[in-house]
Amino acid sequence: MAGLTYVMGALGFELLEGLVVSGGGTDHPLNQSLIVVEEGMEMLGVTLFISALLNYLRTEMPGLRLRLSIAPTEASGD
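Cut-offs and rules
Residues numbered from 1 in each chain as written. Predicted model: local features only at pLDDT ≥ 70, side-chain atom pairs only at ≥ 80, totals over all residues. Heavy atoms only, no water. Axes fitted to C-alpha atoms, helices over the stretch in contact; angles between N-to-C directions. Helix = DSSP H or I, 4+ residues; strand = E, 2+ residues; numbered from the N terminus. Parallel < 35°, antiparallel > 145°, perpendicular 65-115°, else oblique. Left-handed = near helix turned anticlockwise from the far one by under 90°. Nonpolar A, V, L, I, M, F, W, Y, C, P; charged D, E, K, R; others polar. Expected span 1.5 Å × (residues − 1). Buried < 20%, exposed > 50% of the residue type's maximum accessible area, 1.4 Å probe, protein only. Contact = heavy atoms within 4.5 Å. Patch = residues over 30% accessible without salt bridge, like charges linked within 9 Å, V, L, I, M, F, W, Y side chains within 5 Å. Areas by Shrake-Rupley, 256 points an atom, 1.4 Å probe, with all protein chains shown as cover. Salt bridge = Lys/Arg side-chain N within 4 Å of Asp/Glu carboxyl O.

### A word on the packing of helix H1 (residues 2-24) against helix H2 (residues 29-60)
As a packed pair, H1 and H2 sit with axes 7 Å apart at the nearest point and diverge in direction by 170°. With respect to each other, H1 and H2 are oriented roughly antiparallel. In terms of crossing hand, the pair formed by H1 and H2 is left-handed. Here the contact of H1 with H2 is built from residues that sort into 17 nonpolar, four polar and four charged.

### Structural notes on H2
Here H2 spans 46 Å end to end across 32 residues, near enough to the 46 Å set by a 1.5 Å rise per residue. Turning to H2, its buried residues are Asn31, Leu34, Glu38, Met41, Glu42 and Gly45. Lining the buried residues of H2 we find H1.

### Re a nonpolar patch on the surface
Judged by side-chain polarity, Tyr6, Val7, Leu11, Val46, Phe49, Ile50, Leu53, Leu54, Tyr56, Met61, Leu64 and Leu66 come together as a nonpolar surface patch covering roughly 1100 Å² of accessible area. Mapped onto the nonpolar patch, the elements with two or more residues apiece are H1 and H2. Take the nonpolar patch: its biggest share by element is six residues, from H2. Tracing the backbone shows leucine 66 in the segment after H2. Exposure remark for leucine 66: the relative accessible area of 63% places this residue in the exposed category.

### Quick notes on the environment of glycine 63
Within the secondary structure layout, glycine 63 lies in the segment after H2. Between the C-alpha atom of glycine 63 and that of alanine 10, which follows or precedes it by 53 residues, the distance is 36 Å.

Encoded structure:
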């Protein structure tokens, strides 16, 4: 599902954008809308993939613990 969503966004909407650009240019409002949908589908595909991967890890490796932390930033030499 994640791969299909990503590929449809990347390839499917890229083809539609090409048709719109050839007919109306890159500033055409429809082209701008297609770009938003394309990028949104790509981000959704990656998000679905990460979610599926984390779900797999949770079910197949129940003892696995992941820890994320943010390191403090160093003070700049003002």
